[in-house]
Amino acid sequence: MNWQRLFAGLSSGGGVSRGRVSAGLSSGGGVSWARVSAGLSSVRLRATAAATLVVALVLGVVALVLVGTLRGTLEGNAGAEAVKKAEAVAPYAETLKIGENGEPGLSATVKPAKLLQISGKDGDLYMRQGGVAGVADPDVMLTKEEAASSEWARPHQYAVAGVKVTTADGPAMVWSRVSLAGAEDALRTLYGALLPGVPGVLIVVAGMTWFSVGRALAPVAAIRAKVADITARDLHQRVPVPRSKDEVAALATTVNGTLDRLETAVERHKRFVADAAHELRSPIATLRARLELAPPSELTREALSDVERLQSLAADLLMLAKLDAGEPLRTGELDLGQVAAEESLRTRRRPEVRLELDVQPDVVMNGSRAHLDRLVTNLTDNAVRHAASTVRIRVRAEGDQAVLEVLDDGPGIPVGQREAVFDRFTRLDEARARDAGGAGLGLPIARDIALLHQGTLVYADGGFVARFPLLA
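Residues numbered from 1 in each chain as written. Predicted model: local features only at pLDDT ≥ 70, side-chain atom pairs only at ≥ 80, totals over all residues. Heavy atoms only, no water.

Novice: Would you explain the environment of Ala446 in this entry?
Specialist: Along the chain, Ala446 falls in helix H10 (residues 442-452). Of the residues examined, Ala446 reaches a relative accessible area of 0% and is grouped as buried. Considered as a pair, Ala446 and Leu379 are 67 residues apart in the sequence and their alpha carbons are 7.3 Å apart. Residue contacts for Ala446: discarding those within four places in its chain leaves Leu375, Asn378, Leu379 and Leu457. (Helix = DSSP H or I, 4+ residues; strand = E, 2+ residues; numbered from the N terminus. Buried < 20%, exposed > 50% of the residue type's maximum accessible area, 1.4 Å probe, protein only. Contact = heavy atoms within 4.5 Å.)

This is how it looks when you write it as structure tokens:
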């Protein structure tokens, strides 16, 4: 199991860091379309929109039914009242006759001895002795017409009812009307409550849904943030388990179980690599000693070269195991320029390669001398291996950072492979020759050392650049 590749996306040494992801999503301090699109596709927003839409549809249907029912009830009540009024007047209308002027109305010539008075809502239908009966209620009319006058009973303004009667002049109709103004007032009051009330309810529903879903998804956000922070170096961390005992708690428990198994597998792999590297050192050293004491020949020289490669590989594996184990560094104040000068001069160089030093004095940082020696050695060996004629090593202070540059005049690294060279056991095609290329561990070790010192190591045009915090 290659757990280093498994965690290539999690570790800050390889892959893309969270800082670069954030930088890619936003530019110039503005919000990018990627972030806007992610916000629009969030579960919280979709749940809020769905709940608000459902409630809006329900409220719309309820409002339509309520308005229709109320209008029908009020108009029905007005119609029933009109019928009652017409039926109440009908017995008295039979004793009357249509006025001689031909105009609709209630009037009659009565005997002097007869007196009749009908109490109405807005007045009385009364008869005086020797006089003419008149109607004080304008909402009652006696006419021979089969339909009430449209001017008298305007549509949508009155509820109209008619009763057939027989008068002295023959068949006639008693019409009564009841105003619908009260119904319209009641409906206007209902509209006044619904128009601001429905949007207000929708706002409350949207706010409560947004808040509730946010509360429900808060543990998921905490789990995601913790998983994003867990790398191959800190598999001991676990995601928080909410107390709700729901599906989110089950998810957190499952994730923690997976991390337990992964941590166990990684620890076993680390121990295997460390033990194998440690156990290989003694037999390799013995084999090298025997080859050096053997009579010189072409075969012994090739075998000795292979043994040296094995020694270097075992040392690299042991260093990786120590780095992955997270052993605490023994740090102290040191001059980066002095470390770079001393270690680069110890590096074996090809005769045709010239080494140039440009070291600024008093570039002091806090670090481990052994680890920084290894970083400089690995970078210098890589530069010497690929240089055409010159290797330049520069050390300077830049702001609050100590900068180490290891440059060469070789072919360089293509843009698409400048991050791939920091993956373990990765070598470019021109470095795969057995006598020229390394095992593909020097640069990954150098980057891990830089990260342990809160620094960075990247490839720039012409070579590698490492940056470390200056000692304040």
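From this point, the narrative continues.
Novice: Where do I start with the packing of helix H9 (residues 369-386) against H10 in this structure?
Specialist: A packed helix pair is summarised by two numbers, namely the angle formed by the two axes and the spacing between the axes. At a minimum axis separation of 9 Å, H9 and H10 run at an interaxial angle of 145°. The handedness of the crossing between H9 and H10 is left-handed. Contact residues: H9 offers His371, Leu372, Arg374, Leu375, Asn378, Leu379 and Asn382, while H10 offers Gly442, Leu443, Ile445, Ala446, Ile449 and Ala450. Of the residues contributing to the contact of H9 with H10, the split by class is eight nonpolar, four polar and one charged. (Axes fitted to C-alpha atoms, helices over the stretch in contact; angles between N-to-C directions. Left-handed = near helix turned anticlockwise from the far one by under 90°. Nonpolar A, V, L, I, M, F, W, Y, C, P; charged D, E, K, R; others polar.)

Novice: I keep staring at the sheet that holds strand E8 (residues 354-359) and nothing clicks. Help me out?
Specialist: Strand order in this open sheet of five strands is E8-E10-E11-E13-E12, and the pairing throughout is mixed. Edge positions in the sheet fall to E8 and strand E12 (456-460), since each of these pairs with one other strand and no more. In this sheet, neighbouring strand axes are inclined to one another by 15° on average, regardless of whether the strands run parallel or antiparallel. Bridge count for E12 against strand E13 (residues 463-469) is five bridges, and the pairing is antiparallel. The residue of E13 that forms the bridge with Thr456 is Arg467. (Pairing = 2+ DSSP bridges.)

Novice: Any chance you could explain the sheet that holds strand E5 (residues 158-167) here in plain terms?
Specialist: Strand pairing within a sheet occurs via backbone hydrogen bonds; the two strands may be parallel or antiparallel. In spatial order, the strands read E4-E6-E5; together these three strands make up an open sheet with antiparallel pairing. The two strands at the open ends of the sheet, each matched to only one other strand, are strand E4 (140-143) and E5. Averaged over neighbouring strand pairs, the angle between their axes works out to 20° when direction is ignored.

Novice: Just checking my understanding: could you explain H10 for this structure?
Specialist: Each turn of an α-helix holds 3.6 residues, which means side chains three or four residues apart point in the same direction. In terms of burial, H10 is a largely internal element, eight of the 11 residues being buried. Within the span of H10, buried status applies to Leu443, Pro444, Ile445, Ala446, Arg447, Asp448, Ile449 and Ala450. The first or second residue beyond H10 is Gln454, which carries a positive phi of 55°.

Novice: How should helix H6 (residues 247-293) be read in this particular structure?
Specialist: Between its first and last C-alpha atoms H6 spans 69 Å; for 47 residues at 1.5 Å apiece the expected length is 69 Å, and the two agree. Between the side-chain oxygen of the N-cap and the backbone nitrogen of Val248 there are 3.3 Å, and the N-cap of H6 in question is Asp246. (Expected span 1.5 Å × (residues − 1). Polar contact = N/O pair within 3.5 Å; in protein donor to acceptor, adjacent residues only side chain to side chain.)

Novice: I keep staring at unusual backbone geometry and nothing clicks. Help me out?
Specialist: A negative phi angle is the norm for most residues apart from glycine, just as the trans form is the norm for most peptide bonds. With phi around 60°, Asp362 is a residue other than glycine that occupies positive phi space. Its place among the elements puts Asp362 in the loop between E8 and strand E9 (364-367). Backbone geometry at Gln454 places phi at a positive 55°, although glycine is not the residue there. In this structure, Gln454 sits in the loop between H10 and E12.

Novice: So what exactly am I meant to see when it comes to the pairing of strand E6 (residues 170-179) here?
Specialist: If a strand is regular, its side chains alternate between the two faces of the sheet. When you tally the buried positions in E6, you get eight out of 10 residues, the bulk of the element. The pairing of E4 with E6 spans four bridges and is antiparallel. Bridging from a neighbouring strand, Met141 pairs with Trp175 of E6. As paired strands, E5 and E6 are joined by 10 bridges and run antiparallel to one another. What sits directly across from Thr167, in E6, is Gly170. Here E5 folds back onto E6 in antiparallel fashion, the turn holding two residues.

Novice: I'm lost on the packing of helix H5 (residues 181-229) against H6 in this one. Help?
Specialist: Between H5 and H6, the shortest axis-to-axis distance is 10 Å and the interhelical angle comes to 15°. Relative to H6, H5 is oriented roughly parallel. Considering how the two elements wind past one another, H5 and H6 form a crossing that is left-handed. On H6, the residues touching Ala216, Pro219, Val220, Ile223 and Val227 of H5 are Val248, Ala252 and Val255. (Parallel < 35°, antiparallel > 145°, perpendicular 65-115°, else oblique.)

Novice: What am I meant to see in the nonpolar core here?
Specialist: As a rule of thumb, nonpolar side chains are buried together in soluble globular proteins. Core analysis: the biggest nonpolar cluster contains 38 residues, and Leu375, Leu379 and Leu404 have the highest contact counts within it. Where this core is concerned, the elements lending two or more residues are helix H7 (298-325), helix H8 (336-346), H9, strand E10 (390-398), strand E11 (401-408), H10, E12 and E13. Contact partners of Leu375, with chain neighbours within four places excluded, come to Leu404, Ala446, Ile449, Ala450 and Phe468. Core analysis: the next-biggest nonpolar cluster, separate from the first, contains eight residues, Val89, Ala93, Leu142 and Ala172 among them. (Core = buried A, V, L, I, M, F, W, Y, C linked by side-chain atoms within 4.5 Å.)

Novice: Which parts of the structure should I look at to understand a nonpolar patch on the surface?
Specialist: Among the surface-exposed residues, Val54, Val58 and Val62 lie close enough to one another that they form a single nonpolar patch of about 250 Å² accessible area. Mapped onto the elements, Val62 comes out in helix H4 (residues 43-93). For Val62, a relative accessible area of 47% gives the class partly exposed. (Patch = residues over 30% accessible without salt bridge, like charges linked within 9 Å, V, L, I, M, F, W, Y side chains within 5 Å. Areas by Shrake-Rupley, 256 points an atom, 1.4 Å probe, with all protein chains shown as cover. Salt bridge = Lys/Arg side-chain N within 4 Å of Asp/Glu carboxyl O.)

Novice: In this structure, what is going on with the packing of aromatic side chains? I would like to understand it.
Specialist: Given two aromatic rings, one states the distance between the centres and the angle between the planes to describe the pair. Under the criterion given, the structure shown has two aromatic pairs. Where Phe422 meets Phe464, the ring centres are 5.9 Å apart and the plane angle is 85°; that geometry is what we call edge-to-face. With Phe422 in the loop between E11 and H10 and Phe464 in strand E13, this pair connects stretches of sequence that are 42 residues apart. Consider the rings of Tyr459 and Phe464, whose centres lie 5.1 Å apart with planes at 75°: the pair is edge-to-face. The exposure classification of Tyr459 matches that of Phe464, with both residues buried. Through a chain of ring-to-ring contacts, the aromatic side chains of Phe422, Tyr459 and Phe464 assemble into a single cluster. Looking at Arg447, its charged tip hangs above the ring of Phe422, at a distance of 3.8 Å from the centre. (Phe/Tyr/Trp six-rings, centres within 6.5 Å; stacked < 30°, edge-to-face > 60°. Lys NZ or Arg CZ within 6 Å of the ring centre and 35° of its normal.)

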